[in-house]
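This is what each chain is made of:
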Amino acid sequence: MTKLGTTAHGARGALAFEIPTWLLDWERTLPEALRGDEAAMRVAIEAAARNVRHGTDGPFGAVVVEVASGAVAGIGVNIVVSGGSSVLHAEMVAMMRAQHRAGFHKVGGADGIPMTLYTSAEPCAMCMGAIPWSGVDRVVCAATDADVRSIGFDEGDKPANWLRPTGCAGSPSRTEFSGTRPLPCCAPTRRREALSTSLEKRGETMKKSIASVLTVAALAALFGGCNYEAPLVDSGAAKPVDDALLGVWHAVPAEGGEQATPQVALVQKFSANAYLIQYPVQVKDSLYFRGYRVEIAGKPYLQIQLIGTEKGPVKEADRKYDLAWYAIDGDGMEMRLLNTKVVPRTGGADAMMKAFLENKASPELFGDVFRFKRPDR
């Protein structure tokens, strides 16, 4: 992660947030100019997909582009959790980076260069309120407000139809913004019509992948939370983070079964030896887990611990543990949780480890197999 630079305020008392290193590296590979709505929207959606893939935060991306030249003024992704601030939505990050680039409080600089904001999803109430003062002249979005709410994100209270249908291919008509300030906009439905079939499918694939995510923390919640009072392996013996576990996985329903209620989980790198897992994302009942990759008898496992909820850290007595066997093969993964009938929940770490080692060759040591696959990229 690299800090966004400050200007006149210097380091003392300044506020700063960090841009993911992968985003800075990826930006350097992009064309100098993004010509047309489709090219710019591809970048916004790809930024969102990469943000999930790298495990840096939520599935949202945005880009600010000069209308005349197509030059990129700023790219943003959602870094609310990793950045430690609720304001760091993709649109806000993109606009702040564009303003920083211009050295002015408007994205178009002191000369007022016309700018378009492209975002992978319709802005929330906070971003909607910030856009008119940012210097953005036009907004183009892909997924709708209803799409975003359907996968568990709170968009806040917004005026109905604040983005009225307009033509995206030509000059958009003006629409009332929040009932007071006019802003040229493109409605999401018309935007989709203007995009190519491949881009529309890509956006739909991403939306579906987000909605069907089920990862390690989701498993723990489905089985009634973490089961054990003590860890089998002390966290001090944790192995380095396996990057293959980061990001998003699709739960593969059992044959003849159906996908469970859509849930969203994020697996991020917390430190060199620990994961931070949030499940479900952006809801009032969200849970937070810390994960460690450990070895027992020479084999790798994932140990997880419940550490908090949206209301804050849980009590020490509630910080329970669980252990999962996992195997990754390409874009697929199999996972099984420790069987409490074989390794009892009580008795302490020594008794648990004794039961584990005595049954390490038993097919009953872990429960049923759950299969996952990577989302389409």
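Note that the structure is a prediction, hence the values are computed from the model and not measured.

So, how was this worked out
- Residues numbered from 1 in each chain as written.
- Predicted model: local features only at pLDDT ≥ 70, side-chain atom pairs only at ≥ 80, totals over all residues.
- Heavy atoms only, no water.
- Helix = DSSP H or I, 4+ residues; strand = E, 2+ residues; numbered from the N terminus.
- Buried < 20%, exposed > 50% of the residue type's maximum accessible area, 1.4 Å probe, protein only.
- Contact = heavy atoms within 4.5 Å.
- Areas by Shrake-Rupley, 256 points an atom, 1.4 Å probe, with all protein chains shown as cover.
- Pairing = 2+ DSSP bridges.
- Core = buried A, V, L, I, M, F, W, Y, C linked by side-chain atoms within 4.5 Å.
- Arc of directions from axis to C-beta.
- Polar contact = N/O pair within 3.5 Å; in protein donor to acceptor, adjacent residues only side chain to side chain.
- Expected span 1.5 Å × (residues − 1).
- pLDDT = per-residue confidence, 0-100.

(A) Highlighting the overall build of the protein. If you tally the helices and strands in the protein, you get 10 helices and 17 strands. Residues classed as buried in the protein amount to 49% of the 377 residues present. A sequence separation of at least 24 residues applies to 60% of the contacts in the protein between residues at least 6 apart. If you sum the accessible surface of the protein, you get close to 18,000 Å²; carbon and sulfur atoms cover 51% of it.

(B) Seen up close, the pairing of strand S3 (residues 61-66). Of all six residues that make up S3, six are buried, and the element is covered over most of its length. Side-chain alternation along S3 places Gly61, Val63 and Val65 on one buried face and Ala62, Val64 and Glu66 on a second face that is also buried. Sheet topology places S3 next to strand S4 (residues 72-77); five bridges connect them, and they run antiparallel. Looking at S4, one finds that Gly61 is bridged to Val77. The hairpin turn running from S3 into S4, its antiparallel successor, is five residues long, and Gly70 in that turn takes a positive phi close to 80°.

(C) Representation of the environment of Trp133 within the structure. With respect to the helices, strands and loops of the structure, Trp133 is situated in helix H5 (residues 125-134). Among the residues examined, Trp133 registers a relative accessible area of 53% and is labelled exposed. Taking the C-alpha atoms as reference points, Trp133 and His105, separated by 28 residues in sequence, lie 8.8 Å from one another.

(D) Main features of the nonpolar core. Ranked by internal contacts, the top residues of the largest apolar core, which has 24 residues, are Leu23, Trp26, Met41, Val63, Ile75 and Tyr118. Among the secondary structure elements, those contributing two or more residues to this core are helix H1 (21-27), helix H2 (36-53), S3, S4 and strand S6 (138-143). Here the element with the most residues in this core is H2; it accounts for six residues. Setting aside its immediate chain neighbours within four residues, Val63 contacts Leu34, Ala40, Ala44, Val72, Gly74, Ile75, Ala94, Thr116, Leu117 and Tyr118. Counting residues in each nonpolar core, the second largest holds 21 residues, with Val64, Ala94, Cys127 and Ala143 among its members.

(E) Helix H10 (residues 348-358), seen in detail. Looking only at H10, the buried set comprises Met352, Met353, Ala355 and Phe356. Within H10, the buried residues cover an arc of 160° as seen down the axis, which keeps them to one side. Exposed residues on H10 whose side chains face more than 90 degrees from its buried face are Asp350, Lys354 and Glu358. On the buried face of H10, the contacting elements are strand S12 (287-296), strand S13 (299-309) and strand S15 (321-329).

(F) Local environment of the side chain of Thr56. Within the secondary structure layout, Thr56 lies in the loop between H2 and S3. A residue is classified by how much of its surface remains accessible, and Thr56, at 11% relative accessible area, is buried. Reaching out from Thr56, the side chain makes a polar contact with the side chain of Asn51 at a distance of 2.5 Å. Ignoring sequence-local partners within four residues, the contact set of Thr56 consists of Pro20, Trp22, Asn51, Asn78, Ser82 and Gln268.

(G) A look at H2. Taking 1.5 Å of rise per residue, 18 residues should cover 26 Å, and H2 covers 26 Å from first to last C-alpha, within 8% of that figure. Positive phi appears at Gly55, one or two residues downstream of H2, with a value of about 70°.

(H) Geometry of the confidence of the model for the protein. Chain-level pLDDT for the protein is 75 on average; 70% of the residues reach the 70-or-more range. For the stretch residues 165-184, pLDDT sits under 50, and the model shows 52 contacts to residues farther than four places along the chain or on other chains. A low-confidence stretch, residues 187-224 stays under pLDDT 50, and its non-local contacts, those more than four residues away or across chains, total 95 contacts.

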